[in-house]
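A closer look at the structure
This is what each chain is made of:
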Amino acid sequence: MKSTTVKQWCLATCIGATLLGINGCSQPAEMSQQPTNADANEVSASSVQTTNEAQLFDLQQVRLTSGPFAHAMHTNINYLLAMDADKLLAPYLREAGLQPKTESYGNWENSGLDGHIGGHYLSALSLGYAASGDTSLLERLDYMLDELKAAQEAGNGYLGGIPNSAQMWAEIKAGKIKADLFSLNDRWVPLYNIDKLFHGLRDAYEIAYRQQAKTMLLDLGEWMLDITAALSDEQIQQMLYSEHGGLNEVFADMANVSGDDRYLVLARKFTHEKILNPLTKQHDQLTGLHANTQIPKIIGALRVAELDNDQVWIDAAKFFWQTVSQRRSVSIGGNSVREHFHDEQDFTPMVEDIEGPETCNTYNMMKLSKMLFLHTGEQRYLDFYERATYNHILSSQHPEHGGLVYFTSMRPGHYRMYSSVHDSMWCCVGSGIENHSKYGELIFTHTDDALSVNLFMPATVNWQSKGIIIEQQTQFPDQNEVTLSINMRNASTDRFTLNIRQPEWASDALVAKVNGQQTDAAVSGGYVHINRVWQHNDKVTFTLTPELNVEQLPDGQDYYSVLYGPVVMATPVNAFKDEVLNFVADDSRMGHVAAGPVCPPEALPFMLGEPQTFLNNLQRVDAEQLAFVAQSNVAIAEPVAEQSTMRLVPFFRLHDSRYQVYWPQLNKSEFDQFVSEATAKADAEAALADMTVDTITPGEQQPEVEHNFKGQNTQAGVNNGRHWRDASGYFQYTLANPEQRATALRLTYFSGDANREFDVLINGEVLASVALPEGNPDADFYTVDYPLSQAMTKAQKLTLKFEAKPGSVAGGIYGIRLIAK
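Every value quoted in this text rests on a predicted model; they were computed, and no experiment measured them.

**Comments concerning the sheet that holds strand 1 (residues 55–56)**
Strand pairing in a sheet is mediated by backbone hydrogen bonds. Such pairs are either parallel or antiparallel. The 6 strands lie next to each other as 1-6-7-11-15-14, forming an open sheet whose pairing is mixed. Single-partner strands in this sheet number two, and they are strand 1 and strand 14 (522–524). Across the face of the sheet, helix 18 (residues 379–393) comes into contact with strand 11 (493–501) and strand 15 (527–535) while running at roughly 70° to strand 11.

Here you go:
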C-alpha cells in the first residue's frame, strides 16, 4: 500500500463511489489519528511481496457493493455494535486491579477463558472499519484501546483477562510449567487467550492504523520477552503442548513491524516442533489431534519461513495444506469432527456425529490458503479459499440476526445452532465476528502493472497508484454474467494488464469482450490476460460457465454432495411432524451444540441409482435465484410430509432448518435393507442416549473443560482413532446427576493396557479397585459397568477420580458414561 492517509483514501473512494453511483461512503477519522507516513509504510510491509508477486490491496481500497457478501458484512457490523464493550473490557480491568464499569459477559467469558473475545473484538472492529468505512466502529475501537491502555499501564506492561493470572505467569517465568492439552498451570489455555489480544493489537495497528495499538503491542511484547527470557527451548516446547493459537505468527509480524529481531527469535522458539517436524518429512500424523490447535501453528511457521526464507518450513506448510484441504475436508471446505481430525481413511464420523466441521478451523485454513496463494500464485489455494468462503464461512452467519455457527454438522438431516449476541462467547464467535468483514481481501490483487480479478463478487477497488477505480458487477452464482468497468481518475488512458481468473470449475474457457468486441487475450497460470491501453469507461464483459457436479466423501463412501460450480447445494429435511426447534443458543457451556434429536433414517432423502443420472434429472426452477428440484431418482422411506419434489438451494441460504449436504446413495435394490439396518442402529443409539445421564470423552477439549478436568502427572492421546487419558498420578472430572437417576458408571478400556492398577473414586469413596487384565480376545476396546453405591446415586454432583497405585498407571480411560439402568 502507498503511504496514503485514511482521509485521502476515503476522499478518493467517495469521489469514485459518486462516479459509480454508490451511496453510503462514510467520513474518515481525522488525519491526526492516523499513523505517520513512515508508520504506514512499515504497516504495509507485512503483507506486501516483491513487485513481481501478487500483492493484496489494503482492505480500505475495496468495497463490497451488493449481494450476499455485502449483506453479511453489514449484518456483522450490526452484531459488533450490539456487543457491550464494557462487558468485554471487564476481565482486563479486573486483572489489572481496576474497577470495571460493569460485570463481564457470561458463558466462556467468565468460566476461565475470560478476555478471549476482547482480542477478537479489536480485530473485528479494525476489519469492519477498513471494509466499510463506518466510523462508529473506529470510535468503538479507540474506546477499547483507551481502556485497555489504562489496564496495561496498571499492569506494568502486562494486559490480559486470564483469571488470577499473576501467580501463573510468575510460575512460568520461574520455569514451573504444568502443561496439558487444554490447560497450562491449571488455567484454561492462557497462551491461546493472550494470543487473541496480541493479534487484536496487531490488527488495530496494521489494519486500522491506530498508533496507540502499536505502542501497546510492543509493550506487551517486552513483557512476554521478560517472562520467557530464562526459559530453555525445551521448557518453551513443553508449554506448547497446551493450545496456544498462532503466537509464532504474531511474534514474526512484530519483528517485521518493529525491526527487532528478538521477536523473530521468539517466533521460532514458539513454533511447535512436535507438530512441524513430521510435516517437514512429509508425514501426516494429524489423526486424533485437535484440529484448530494445529492450523495456527502452521500459519505461524509459514510466516516465520517467509521472513527467514526457510524453504523447508514453507514446504511443510504446503504439505499440511494439501493434507488437510484435499484429504481431510468435506465439500463445504470444513474439517474435523468434535473438533478433532479423524482418520482420513474413514469419514464415517463425519456423517454420523452431530458435531461436524468447526468454523474456526476454516477461518484459519483460509488464512493459510491466502498466504500460500500470494507466495506461489497457484490456483489450487484460491480454489479452496473460494469454496470455503461460499459454503462454510458465508453459511455460518444467520442473515437476519447475525448469529454465528460453531459446528456445521454433515450428518444428513441435522441442524445448526446460532449464537446469541449477549449469551454466546464461544471461540467461533470470536473468529466469526472477524470473518464477515474479510470478504474483500482477495477479490482483487495486483502487481505494479497488472490487476487480477480472483473472485466474482460485486465490489469496487481503488487502485491508487494507477488512479483507477474498477467496479465488478455480477449476481453470481444466481446469474453468470460479469461486467468490469474501468474508471480513470488521473488520466484518460493507461496501459496495464487485466488478469481474469479462469476457474477450475468452469465448463468452458472464459471469453472476455472489451466494449462488446472480442479481444486478443493470452491464457496462462489459470488466468486470461488482457494487456492494452485502457480508456475511461471501458467495459469488460464475460460469462462464467459453472455446471452441476457431485463430490463423493473423500474416503469413497457412497455419500455425495451436489455442487454448482463452487457452490454447495443443500436440501431442507423434515424429520418429525410438527417439529419445533430452537436454533438460537442459550448461555450454557455447551449451548453451541445442536443437541436435539437426530433425524431418523427413514425420513432422509436418498439418491437412487447412479449420481450422474441424479444430476441429469435436476431441473432449475428459479431464473432469479439459484435453485434446482429433484423429481426422480430420489426416495424417502417414510416421508413426514407430502413431498413430490426435493428442492436444492445454495447451502449459504439454508437457515433455521434441518438440512442435507451429503446425500446417501444406493441402488433401488439396496434401499430397503439399508433403511432397516440404519433404523436398527439409530434405535440402539437412541436407547443408549436415553439411559445416559452424563458422558465424557477423555482427552477431548470441550468435554474435559465442561467437566472441570484436573490432574497431576497425566497425559492424553489417541489410539485407533479413539481418545484416551491416563496418569501415573491422578485425574478427575465432575459428573452431573441432577435428577439423581444414575445407577452405574460405564468405563471403556483398551485391551492392550494390561496389568495397570488404580482406584476409581466418586466423591472420595472407592467405587472400584481396578487391575486391568491381560488382553480381551473379543475386541480391542471393551466396557465395564460399576454399580454406584446408594450415597452416590443420591448425589447431584459426582467427583470422579482415577488414582494410580504406587508404581502403576491409572487408565487409559477411553470413555466415561454415567448411566441409569
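**Points about the pattern of salt bridges**
In total, this model carries 41 salt bridges according to the counting rule given. Put simply, Arg741 and Glu739 hold a salt bridge, and the shortest N to O gap is 3.8 Å. Two residues, Lys821 and Asp785, come together in a salt bridge whose shortest N-O distance is 2.8 Å. Of this pair, Lys821 sits in the segment after strand 36 (815–819) while Asp785 sits in strand 33 (residues 781–787); the two residues are 36 residues apart in sequence, bridging distant segments of the chain. We classify Asp785 as partly exposed; its relative accessible area is 24%. Through salt bridges with shared partners, a single ionic network connects Arg202, Asp203, Glu249, Asp253, Arg303, Glu306 and Lys367.

**Looking at the sheet that holds strand 5 (residues 187–188)**
On the basis of which strands lie adjacent, the open sheet formed by 3 strands has the order 3-4-5 and antiparallel pairing. The open sheet has two edge strands with one neighbour each: strand 3 (179–180) and strand 5.

**Observations regarding the pairing of strand 8 (residues 459–463)**
Taking burial as the measure, the 5 residues of strand 8 include 5 buried ones, the bulk of the element. Both faces of strand 8 are covered, namely the face carrying Ala459, Val461 and Trp463 and the face carrying Thr460 and Asn462. As judged from the 3 bridges shared by strand 2 (residues 62–64) and strand 8, these two strands associate in the antiparallel manner. Bridging across to strand 8, Val62 finds its partner in Val461. Bridge analysis of strand 8 against strand 9 (residues 468–474) gives 5 bridges, and the strand direction is antiparallel. Of the residues in strand 9, the one forming a bridge with Trp463 is Ile468. Linking strand 8 to strand 9, which pair antiparallel, is a turn of 4 residues; within it Gly467 sits at a positive phi near 70°.

**Thoughts on the pairing of strand 28 (residues 710–719)**
As judged from the 9 bridges shared by strand 28 and strand 29 (residues 722–736), these two strands associate in the antiparallel manner. From the neighbouring strand, Lys710 faces strand 29, where its bridge partner is Gln732.

**With respect to the nonpolar core**
Of all hydrophobic cores here, the largest spans 194 residues; its most connected members are Met83, Trp169, Phe198, Phe251, Ile500, Val540 and Phe542. In contact with Ile500, not counting residues within four places along its chain, are Val453, Phe456, Leu484, Leu510, Ala512, Gly526, Tyr527, Val528, Ile530, Val540 and Phe542. Membership of the second largest hydrophobic core comes to 30 residues, among which are Ala742, Val770, Ala795 and Leu818.

**Re the packing of aromatic side chains**
A complete count under the given rule lists 33 aromatic pairs for this structure. Their ring planes at 70° and their centres at 6.0 Å tell us that Trp108 and Tyr406 sit as a pair that is edge-to-face. With Trp108 in the loop between helix 4 (85–95) and helix 5 (116–132) and Tyr406 in the loop between helix 18 and helix 19 (427–435), this residue pair connects regions lying 298 residues apart in the sequence. A relative accessible area of 0% places Tyr406 in the buried class. Ring plane angle 10° and centroid distance 5.4 Å describe the contact between Phe476 and Trp505, whose orientation is recorded as stacked. Taken together, the positions of Phe476 in the loop between strand 9 and strand 10 (481–488) and Trp505 in the loop between strand 11 and strand 12 (513–514) put the pair 29 residues apart, joining distant regions of the chain. Comparing Phe476 with Trp505, the two get one shared label, buried. Feature note: the residues Phe69, Tyr390, Tyr439, Phe476, Trp505 and Phe652 constitute an aromatic cluster, connected by ring pairs. Geometry around Tyr192 places Lys196 over its ring, the cationic atom sitting 4.1 Å from the centre.

**Section: helix 17 (residues 359–376)**
Its 18 residues give helix 17 an end-to-end C-alpha distance of 26 Å, which sits within 8% of 26 Å, the value for a rise of 1.5 Å per residue. With 16 of 18 residues buried, helix 17 lies mostly within the body of the structure. With its phi angle positive at about 75°, Gly377 sits one or two positions after the end of helix 17.

Thresholds applied
- Residues numbered from 1 in each chain as written.
- Predicted model: local features only at pLDDT ≥ 70, side-chain atom pairs only at ≥ 80, totals over all residues.
- Heavy atoms only, no water.
- Pairing = 2+ DSSP bridges.
- Helix = DSSP H or I, 4+ residues; strand = E, 2+ residues; numbered from the N terminus.
- Contact = heavy atoms within 4.5 Å.
- Axes fitted to C-alpha atoms, helices over the stretch in contact; angles between N-to-C directions.
- Salt bridge = Lys/Arg side-chain N within 4 Å of Asp/Glu carboxyl O.
- Buried < 20%, exposed > 50% of the residue type's maximum accessible area, 1.4 Å probe, protein only.
- Core = buried A, V, L, I, M, F, W, Y, C linked by side-chain atoms within 4.5 Å.
- Phe/Tyr/Trp six-rings, centres within 6.5 Å; stacked < 30°, edge-to-face > 60°.
- Lys NZ or Arg CZ within 6 Å of the ring centre and 35° of its normal.
- Expected span 1.5 Å × (residues − 1).

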